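Breakdown of the fold
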Amino acid sequence: MSAIRHALSIKRQDDFAQWYQEVVAAADMAEESGVRGCMVIKPWGYGIWERMQRLLDARIKAAGVQNAYFPLFIPLGNFVREAAHVEGFAKEMAVVTHHRLISDGKGGLIPDPEAKLEEPLIVRPTSETIIGDAMSRWVQSWRDLPLLLNQWANVVRWEMRTRMFLRTSEFLWQEGHTAHATRDDARAETMRALEMYRAFAEDDLSLPVIAGEKPENERFPGAAETWSIEAMMQDGKALQAGTSHYLGTSFAEAAGIRYQDREGGQQLAHTTSWGVSTRMVGALIMTHGDDDGLRVPPAVAPQQIVILPMLREDDGDAALLAYCEALRASLAGQTALGEPIRVLLDSRPGKAAARRWDWVRRGAPLIVEVGPRDMTEGKVAVLRRDRLWTEAGKPDFAFMPRESFVAEAAITLASIQQGLHAEAHARREANVERGIASFEALADFFAADKRYPGWAEVPWARPTGAALDAVVERLKALKLTFRNVPLGAGPAEGACLFTGEPAVERILVARAY
RNA sequence: CGGGGAGUAGCGCAGCCCGGUAGCGCAUCUGCUUUGGGAGCAGAGGGUCGCAGGUUCGAAUCCUGUCUCCCCGACCA
């Protein structure tokens, strides 16, 4: 029995879905908007997304990809060109049909029947078609290739069931779109983007992921190959945290992206697309969150250190504030994880001991409380969010000289960044089962009632078409899905769990978000 | 989109069955006390009861519709 008085009312192990929702609210990240499937992202949540944007954008630009912006609306006629793509998205589309409102005579407004659009516009669910259209004009010669574009944008998919950050009708993302002269070049770009996402997730978000290729049934509509990074959440489910697609020439054919080669012949370009979305914020919560709220990895924390002066609303406050301001300035002059330290002096009135818990729930990596006696002694009281409690169930403050804290702040932040990754990585590795040799054993593995159903990595023969569909159905009956064929998986041995044929590779099976 | 549950103050809830002045806890504000770690006492402010119709002398409460959220399913780059 624990005497700890946690900052949340719901524990992960009691109700993971409810816990997730409480973290989103308690960490002040987002709230309901009143519009189905759409959320208001609040400053702390959006600040985390902005940090993700900044770090990923730098990686994208470092690869020579340029940012551009394409329209929100796509003419319906443009969208219908790539058959598989259309089939994949048609049933979840928002459509604009009118351009004016008129009074309904009862004090309300209705779309003006006189203002119906000749051709409806769809709200982009992704931008392959509209960017492909631009590429068809921008690509003429082999000298125009490769064409490497990215856009940061919102997209809309009319989801049947939504969850904050994980699946919303409108979400924010980046979508990279590239065109290449050859299959090899395009595939190399696909893999570069995949590796970029892996490094971004692991290094910047402390999120251990497994990069690999999606099986045929999980491919992006119209893609030749789909690759993903998969992360394990604290309930053992898998979350696809980023995807990279080699699109072959089918989108180039649909959009007319052709170039003249060195011999003067007309060739179809090979295209790719790749994306990461605000879903990543959900992955962060479900990977690093604990029973006291979120824990934000320092690299993406909007504020890495929060200073809380213990104000008493008396004459001593001025001196205490000056002491804290000096502390803030000396920290802000330091560099951690390659950037100036982001430090907030939270001097709003109120008891520091009470406001501390707001920052615990938000997951600020370091919380520093400073009282009059600390000031006199030249000390600070430091609370690390990644190790909150003492054995006795009290907040684990480290009282240390101010100068020591300042001198070690960068190292401490790097240590938290690394520690969160190590913790999540150890948890995942402890819950990936690689020794399952039969379908029955697979079913047993997932039938066991345990906190982490985890993942299974099993040999398979890579069936396709109807044979694959049959396997997918068998898995669906167990609420299981294929995740990906990990790049780093060992050589396949033995028989395919699903067909009995000699295995050709190893694939991850898991419950998934 | 199918089945189930829910919407009352910023948050969590009671009241509804059986119609009759809108309640509790936390939070907020004020005062006093307290002051090394999530303070105590007293007082105060804050709600067209999701929205729209209907029944009724009278609706948070009964009826109809609708919107949103949660859970299960189907769907899901």
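Residues numbered from 1 in each chain as written. Chains lettered and ligands numbered in written order. Predicted model: local features only at pLDDT ≥ 70, side-chain atom pairs only at ≥ 80, totals over all residues. Heavy atoms only, no water.

1. What about helix H8 (residues 279-288)?
- Along H8, 10 of the 10 residues are buried, which leaves the element largely enclosed by surrounding structure.
- Those residues of H8 that fall on the buried side of the exposure criterion are Arg-279, Met-280, Val-281, Gly-282, Ala-283, Leu-284, Ile-285, Met-286, Thr-287 and His-288. (Buried < 20%, exposed > 50% of the residue type's maximum accessible area, 1.4 Å probe, protein only. Helix = DSSP H or I, 4+ residues; strand = E, 2+ residues; numbered from the N terminus.)

2. What about the sheet that holds strand E10 (residues 170-180)?
- In space, the 8 strands of this open sheet follow the order E3-E9-E10-E16-E13-E12-E11-E27, with mixed pairing throughout. At either margin of the open sheet sits one strand with a lone partner, and together these are strand E3 (66-67) and strand E27 (485-486).
- Of the strand pairs in this sheet, strand E11 (residues 210-213) and strand E12 (residues 225-232) are connected by 4 bridges, and their pairing is antiparallel. Bridge pairing in E12 links Gly-212 to Ser-228.
- Contacting E3, strand E9 (147-156), E10 and strand E16 (270-277), helix H2 (residues 43-62) runs over the sheet at an angle of about 165° to E9.
- Sheet strands touched by helix H5 (residues 128-138): E9, E10 and E16. Its angle to E9, the strand with the most contacts, is close to 155°. (Pairing = 2+ DSSP bridges. Contact = heavy atoms within 4.5 Å. Axes fitted to C-alpha atoms, helices over the stretch in contact; angles between N-to-C directions.)

3. A short note on the domain arrangement of chain A
- Domain boundaries assigned for chain A yield domain 1 (16-96 + 126-288), domain 2 (303-414) and domain 3 (434-510).
- For domain 1 versus domain 2, the distance between C-alpha centres works out to 38 Å.
- With 7 residues of domain 1 at the interface, the matching set in domain 2 holds 7 residues.
- The largest per-residue losses of area from domain 1 upon contact with domain 2 belong to Ala-26, Trp-44 and Arg-51, which jointly make up 72% of the total buried on that side.
- At the boundary of domain 1 with domain 2, the tally comes to 2 salt bridges.
- Arg-362 is the partner of Asp-28 in a salt bridge, and the nearest nitrogen-oxygen pair spans 3.3 Å.
- The interface formed by domain 1 and domain 2 holds 3 residue pairs in polar contact (both at pLDDT 80 or more) in total.
- It is H2 that provides the largest number of residues to the side of domain 1 that touches domain 2, a total of 4 residues.
- In terms of residue class, the side of domain 1 that touches domain 2 is built from 4 nonpolar, no polar and 3 charged. (Domains from an automatic or database assignment. Buried area = accessible area lost by both parts, 1.4 Å probe. Salt bridge = Lys/Arg side-chain N within 4 Å of Asp/Glu carboxyl O. Polar contact = N/O pair within 3.5 Å; in protein donor to acceptor, adjacent residues only side chain to side chain. Nonpolar A, V, L, I, M, F, W, Y, C, P; charged D, E, K, R; others polar.)

4. Concerning the pairing of strand E25 (residues 455-460)
- Summarising burial for E25: 6 of the 6 residues are buried, a large majority.
- A two-sided burial pattern is seen for E25, the buried positions comprising Trp-455, Glu-457 and Pro-459 on one face and Ala-456, Val-458 and Trp-460 on the other.
- Judged from the 2 bridges that link them, strand E24 (residues 432-433) and E25 form a sheet pairing that is parallel. Paired with Glu-433 across the two strands is Ala-456, which belongs to E25.

5. Some thoughts on the pattern of salt bridges
- Inspection of the entire model under this criterion finds 36 salt bridges.
- Of the charged contacts, one joins Arg-12 and Asp-291 as a salt bridge, the two residues approaching to 3.0 Å between their closest N and O atoms. Taken together, the positions of Arg-12 in the segment before helix H1 (16-26) and Asp-291 in the loop between H8 and strand E17 (305-309) put the pair 279 residues apart, joining distant regions of the chain.
- Here Arg-12 falls in the buried class, since its relative accessible area comes to 17%.
- Between Arg-81 and Asp-133 there is a salt bridge, with its nearest N and O atoms 3.8 Å apart.

6. Comments concerning the pairing of strand E21 (residues 366-370)
- Taken across its 5 residues, E21 has 5 buried, putting it largely inside the fold.
- Pairing between E17 and E21: 5 bridges, direction parallel. Bridge pairing in E21 places Ile-305 opposite Leu-366.

7. Examining the environment of Glu-429
- Relative to the helices and strands, Glu-429 is located in helix H12 (residues 402-429).
- C-alpha separation for the pair Glu-429 and His-180, spaced 249 residues apart in sequence, amounts to 37 Å.
- Side-chain polar atoms of Glu-429 contact the side chain of Arg-434, separated by 3.3 Å.

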